[in-house]
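Breakdown of the fold
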Amino acid sequence: MKVPLRWLQSYVEIDTPPVELAHKLTLAGLETNGVDTIGDKWGNIFVGLVLSVEQHPNADRLALCNVDLGVDQCKVVCGAPNVRPGQRIAFARVGATLAHPDTGQLEELKAARIRGEMSHGMICSERELGLGNDHTGIRVLAEDAPIGMPLADYL
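Residues numbered from 1 in each chain as written. Predicted model: local features only at pLDDT ≥ 70, side-chain atom pairs only at ≥ 80, totals over all residues. Heavy atoms only, no water.

Among the secondary structure elements, Glu128 is positioned in helix α3 (residues 126-129). The buried charged residue Glu128 lacks any salt bridge partner; its closest oppositely charged side chain belongs to Arg127, at an N-O distance of 7.9 Å. (Helix = DSSP H or I, 4+ residues; strand = E, 2+ residues; numbered from the N terminus. Buried < 20%, exposed > 50% of the residue type's maximum accessible area, 1.4 Å probe, protein only. Lys, Arg positive; Asp, Glu negative; His and termini not counted. Salt bridge = Lys/Arg side-chain N within 4 Å of Asp/Glu carboxyl O.)

Let us now look at the packing of aromatic side chains. A full pass over the atoms with the stated rule returns one aromatic pair. Centroid distance Trp7 to Tyr11: 5.2 Å. Interplanar angle 70°. Geometry classified as edge-to-face. On the basis of relative accessible area, Trp7 is assigned to the partly exposed category, the value being 45%. According to the relative accessible area criterion, Tyr11 is exposed, its value standing at 61%. (Phe/Tyr/Trp six-rings, centres within 6.5 Å; stacked < 30°, edge-to-face > 60°.)

Now for the nonpolar core. Formed by 15 residues in total, the largest nonpolar core has its most connected members in Phe91 and Ile123. Those elements that provide at least two residues to this core are β1 (45-55), β2 (63-68), β3 (73-78) and β4 (88-92). Apart from residues lying up to four places away in sequence, Phe91 is in contact with Asn44, Ile45, Phe46, Val67, Leu69, Cys74, Val76, His120, Gly121, Met122 and Ile123. (Core = buried A, V, L, I, M, F, W, Y, C linked by side-chain atoms within 4.5 Å. Contact = heavy atoms within 4.5 Å.)

Even without a glycine there, the phi angle at Asn44 is positive, about 70°. Position of Asn44 relative to the elements: it lies in the loop between α2 (18-27) and β1. In this structure, Arg115 takes a positive phi of about 50° despite not being glycine. Mapped onto the secondary structure, Arg115 falls in the loop between β7 (112-114) and β8 (117-119). Relative accessible area serves as the criterion here: at 55%, Arg115 is assigned to the exposed category.

Tallied over the entire structure, the rule returns four salt bridges. Arg93 is the salt-bridge partner of Asp72, the closest N and O atoms lying 2.6 Å from each other. Residue Asp72 is located in the loop between β2 and β3, and its partner Arg93 is located in the loop between β4 and β5 (97-99); the two are separated by 21 residues in the primary sequence.

These values are about where atoms sit, not about what they do.
This is the structure:
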């Protein structure tokens, strides 16, 4: 069973680093198999705001999205059926390292031409972020998520 540190902190005050806490729990008879750190490999992944969503001119199931990242905007091609203007989302800039949806291997994101339109990043699903297996749509964040904040700091 995985137990989030924040869940434990809602019951007791914890000021011990996670790895040391796991060791102490094991010594106390509560076996731990390891510590997973969310976002430890997330460089170039930020909270973004979807400004607009338009139909891709050369594909029925793709959309062109403009995403605000606080300091600049990016235009991306997105195939998720649940992308909507006004959503706060997890956005990977070019150069970000993401899990490949089929192999799970980490790969560097590159700019790509998709059906004739340039995509300068990616709006991410839980699977691409390594947060779960859901890849039926993008991961939508809370409405108060700060635009431009690194996703690892937000989550």
